[in-house]
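Examination of the molecular architecture
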Amino acid sequence: MELRKVLVACGWPYVNHLPHLGTLVQVLSADVAARYYRLKGADVLMVSGSDEHGTPIEVEALRLGILPKQLTDRTHSKIVELFKQWGFSFNNYTRTENPTHKEFVQNHLTKIYDNGYIFVQETEMLYCEKCSRFLPDRFVEGKCPYCSCEHARGDQCDACGKLLEPTFLIEPYCVICKGKPVTKRTKHWYFDLTKFSEELRVYISNSKHLSSNARNFSLNFIKKGLKPRSVSRDVDWGIPAPFPEAGGKTVYVWIEAVLGYVSATIEYFKNCGDPEKWRDYWFNENAKTLFFIGKDNIPFHTIIFPALLLASHENYNMPWNVSATEFLQFKGEAFSKSRRIGIWIDEASELFPADYWRYFLMATRPETKDTNFSWKVFIEKINADLNDTYGNFIHRTLKFINTQFNSEVPELSNLGECDKRVLKTLEEKVQTIAREIEDCRLQSATSSVISISRMGNHYLNEKEPWNTIMNDRDKAANTVNVAVQIVKALAIVSEPFIPFAAEELWRILNLPDSVHEQKWNEALRPLPAGHKIGEAKPLFRKIEASSDELSEMLEKIREKLAKVN
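Nothing here was measured: the structure is a model prediction, and the numbers come from that model.

1. Some points on the nonpolar core
- The biggest cluster of nonpolar side chains holds 177 residues, and the ones touching the most others in it are Leu21, Phe191, Trp282 and Trp357.
- The dominant element in this core, judged by the number of residues it contributes, is helix H16 (residues 473–493), at 13 residues.
- Discounting residues that sit within four places of it in the chain, tryptophan 282 has contacts with Leu7, Tyr261, Val262, Thr265, Thr289, Phe291, Phe305, Leu309, Asn315, Tyr316 and Asn317.
- Counting 14 residues, the second largest nonpolar core, distinct from the first, contains Phe139, Ala152, Leu169 and Val175.

2. Some words on the sheet that holds strand E7 (residues 152–153)
- Within the open sheet, the three strands sit side by side as E7-E6-E8. Their pairing is antiparallel. Each edge of the open sheet carries a strand with a single partner, namely E7 and strand E8 (170–174).
- Bridge count for strand E6 (residues 140–143) against E8 is three bridges, and the pairing is antiparallel. Within E8, the position partnered with valine 140 by the bridge is cysteine 174.

3. A closer look at the pairing of strand E14 (residues 321–325)
- For E14, a buried count of five out of five residues is recorded, marking the element as mostly surrounded by other parts of the structure.
- In E14, alternate side chains face the same way, and those of Asn321, Ser323 and Thr325 on one face and Val322 and Ala324 on the other are all buried.
- In terms of strand pairing, strand E13 (residues 288–294) meets E14 through five bridges, oriented parallel. Residue pairing across strands places glycine 294 opposite threonine 325, the latter belonging to E14.
- You can see the chain leave E13, run along helix H9 (residues 298–311) and come back into E14, and the turn it takes is right-handed.

4. Things to note about the pairing of strand E9 (residues 182–191)
- As judged from the 10 bridges shared by strand E4 (residues 118–128) and E9, these two strands associate in the antiparallel manner. Across the sheet, residue glutamate 122 finds its bridge partner in E9, namely lysine 187.

5. Some remarks on the side chain of threonine 123
- Structurally, the position occupied by threonine 123 is in strand E4.
- Take threonine 123: its relative accessible area is 16%, and that puts it in the buried class.
- Sequence-distant contacts of threonine 123, defined by excluding residues within four places in its chain, comprise Lys184, Arg185, Thr186, His188 and Tyr190.

6. A closer look at the pattern of salt bridges
- Under the criterion given, the structure shown has 36 salt bridges.
- Across the pair aspartate 137 and arginine 233 runs a salt bridge whose closest N-O atoms are separated by 2.8 Å. Of this pair, aspartate 137 sits in the loop between strand E5 (133–134) and E6 while arginine 233 sits in strand E11 (residues 232–233), and the two are 96 residues apart along the sequence.
- We classify aspartate 137 as buried; its relative accessible area is 4%.
- With a closest N to O distance of 2.8 Å, glutamate 350 and lysine 560 form a salt bridge. Of the two residues, glutamate 350 sits in helix H10 (residues 345–351) while lysine 560 sits in helix H18 (residues 547–564), which places them 210 residues apart along the sequence.
- Accessibility expressed as a relative area gives 39% for glutamate 350, which makes it partly exposed.
- Residue classification places lysine 560 among the partly exposed positions, given a relative accessible area of 42%.

7. Looking at the sheet that holds E5
- Spatial strand order, E5-E4-E9-E10: four strands in an open sheet with antiparallel pairing. Where the open sheet ends on each side, the last strands, each with one partner, are E5 and strand E10 (229–230).
- In terms of strand pairing, E4 meets E5 through two bridges, oriented antiparallel. Looking at E5, one finds that tyrosine 127 is bridged to phenylalanine 134.

8. Concerning the environment of threonine 183
- Mapping threonine 183 onto the fold places it in strand E9.
- Between the alpha carbons of threonine 183 and threonine 167 there is a distance of 8.2 Å; along the sequence they are 16 residues apart.

9. Here we look at unusual backbone geometry
- You will see that glutamate 245, though not glycine, has its phi angle at about 60°, which is positive.
- Assignment of secondary structure puts glutamate 245 in the loop between E11 and strand E12 (250–251).
- Classification of glutamate 245 as exposed rests on a relative accessible area of 70%.
- A positive phi angle, close to 60°, is found at cysteine 440, a residue other than glycine.
- By the element assignment, cysteine 440 lies in the loop between helix H13 (417–438) and helix H14 (442–463).
- Of the residues examined, cysteine 440 reaches a relative accessible area of 9% and is grouped as buried.

10. Thoughts on the packing of helix H11 (residues 354–363) against helix H12 (residues 375–404)
- In contact at an axis separation of 10 Å, H11 and H12 are set at 105° when each is read in the N-to-C sense. Accordingly, the angle class assigned to the pair H11 and H12 is roughly perpendicular. Contacts between H11 and H12 involve Asp355, Tyr356, Trp357, Tyr359, Phe360 and Ala363 from the first element and Trp375, Val377, Phe378, Lys381, Ile382, Asp385 and Leu386 from the second.
- When the residues that make up the contact of H11 with H12 are grouped by side-chain class, the tally is 10 nonpolar, no polar and three charged.

11. Topic: the packing of aromatic side chains
- Inspection of every chain in the model, using the stated rule, returns 43 aromatic pairs.
- Pairing tyrosine 261 with phenylalanine 291 gives two aromatic rings, centres 4.9 Å apart and planes at 65°, and the pair type is edge-to-face. Note that tyrosine 261 is positioned in helix H7 (residues 253–271) and phenylalanine 291 in strand E13, a separation of 30 residues in sequence.
- Aromatic side chains phenylalanine 330 and phenylalanine 373 sit 5.6 Å apart centroid to centroid with 10° between the ring planes, which places their arrangement in the stacked category. Of this pair, phenylalanine 330 sits in strand E15 (residues 328–330) while phenylalanine 373 sits in strand E16 (residues 371–373), and the two are 43 residues apart along the sequence.
- We classify phenylalanine 373 as buried; its relative accessible area is 0%.
- Above the plane of the ring of tyrosine 146 lies lysine 162, whose end atom (NZ or CZ) is 5.4 Å from the centre.
- Here the guanidinium or amino end of arginine 233 rests over the ring plane of tyrosine 252, the centre of that ring lying 3.8 Å away.

12. Considering H12
- When the local axis directions of H12 are compared, the greatest deviation, roughly 40°, occurs at asparagine 392.
- Just beyond H12, the residue with positive phi is asparagine 406, at close to 55°.

Scoring rules and cut-offs
Residue indices follow the written sequence of each chain, beginning from 1 at its first position. With pLDDT at 70 or above as the cut-off, local features in this predicted model cover only qualifying residues; side-chain atom pairs require 80 or more to be listed or tallied, and sums for whole chains, interfaces and linings still use all residues. Heavy atoms throughout the structure, all of them, feed into the side-chain values; hydrogens and water do not. The term nonpolar core refers to a set of buried residues drawn from Ala, Val, Leu, Ile, Met, Phe, Trp, Tyr and Cys, joined through side-chain atoms within 4.5 Å. For every residue, the accessible area (1.4 Å probe, protein chains only) is compared with the maximum for its type, and the residue is labelled buried under 20%, exposed over 50%, or partly exposed between those bounds. Secondary structure elements follow DSSP: runs of H or I of four or more residues count as helices, runs of E of two or more count as strands, with numbering from the N terminus. Should any heavy atoms of two residues lie within 4.5 Å, those residues are counted as being in contact. Only strands joined by at least two bridges in the DSSP assignment are considered to pair. We call a crossover right-handed when, viewed with both strands directed away from the observer, the connection leading from the first strand over the helix to the second proceeds clockwise. The term salt bridge refers to a pairing of a side-chain nitrogen on Lys or Arg with a carboxyl oxygen on Asp or Glu at a separation within 4 Å. Helix axes use the C-alpha atoms of the stretch in contact, all axes being lines fitted to C-alpha atoms, and the angles between their N-to-C directions lie in the range 0 to 180 degrees. An angle below 35 degrees is read as roughly parallel, one above 145 as roughly antiparallel, one from 65 to 115 as roughly perpendicular, and any other as oblique. Each residue is assigned to one class: nonpolar for Ala, Val, Leu, Ile, Met, Phe, Trp, Tyr, Cys and Pro, charged for Asp, Glu, Lys and Arg, and polar for all the others, Gly among them. We call Phe, Tyr and Trp rings a pair once their centres come within 6.5 Å, taking the six-membered ring for Trp, and we label the pair stacked below 30 degrees between planes, edge-to-face above 60, and tilted otherwise. Criterion for a charge above a ring: Lys NZ or Arg CZ within 6 Å of the ring centre, and within 35 degrees of the ring normal. At every residue, the bend is computed as the angle between two fitted axes, covering the seven residues ending there and the seven beginning there respectively.

Take a look at the structure:
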């Protein structure tokens, strides 16, 4: 029987800087889903890549006095290495400078043009006379015409989420020289979104798996009336626009970036020597495509990307689920590299092991409202949940087997009502975690994992095997046998969230292969009596530092990294 195809993707990180914790929420969400579906036996492909084109990269390269390609080469290689350290299980983490991506984007847009959905017209754009350049997207900032945010960009306002054009901005200025621009006429190519209003409305209305914020935002977006969207830009850095007489124009970064989900799939199977297999993920009606993004990217994934697929007339699968989170902020403010607000992936890696961050970001995943990072909450989550609950239950169980049963799983002679109830609850919790991950309620799923270890601790405290073993060794053996079944289950269900700890636990349990090679139902398969386990050791360490001390540590690490970079 053919395995179900599941494509899992996250938004492509801009590589003007390394990703910060807010971006990592999306990457990690995708990784949790991909790892889970692999455990469930699906044929999973996890893809994304570095978004190298567009004005954010050009602006940063100008600031540094280097070419955009030099900046993206450097940043992409660092991201690849850091993503490995965090355990992100991409099948293909690629880049938009990849030749396969460029070729696919140009071919796809040519089809859409030939199908009559892209037209050309003259328009007025902002132009900086001092810099001698047009000012698309991030090259210009000003006041948002909708919410009056002072630092709205030429393509979008982060404060209210509205898509913008540079000419919409009030009191615009060039981000390079801060000068006031003039308007100048230029020719651009536009994707006629208006022709897909009804198809998109039906698709979104019938997509039961979309997160509520994605569905509501998208339907409201359509209700207000879709408008043609420019697919070309007057910038040098990017994919050359493939339309007749479009010399000197490049493709708008958000048009090409979403098409990267398809091109990354094509590239992966081309490299595997099976160049047609990518179609199984994009044209097979039984395949799932899952996208994990921030709420500011909703319209690009629920409106623009599906419309680009529809416009090809090739019957692509529409996104099966777009899970959009709210924002993760740092002490009430948006992450900002220039203002030193936030924590970036390289800094985080220097501070604590990847599993600490993976657990914290999923345990506080901003699913229904914006959340704030604070060291106080970070310390509480790691110490109370990972160390005192999850780690403590596992260690006390395995240590007891080491010392009292010669490191062998004891015989189960008779299950009492309490034992049966605990094992039944364990089964229900394993099913609950699966359901929560499939519903993209990853914060709840993380909590449910910890609730299993909390149940285990409560069970041990109630049964007190350290006391009963003195008078009734069989009764103590029953308790420990049940407890170690809970430990084994934890190794499986925690693997998507904290894979390094889960792998270490699997090794201590002395089980074959790797935990990520197992199947989900292995969580409820008992360890046999007499099975020899390894020596118990702590999986986590308590954070002894205070919030102020961690802030000081971050600053020192930041200074160290600045010297290296």
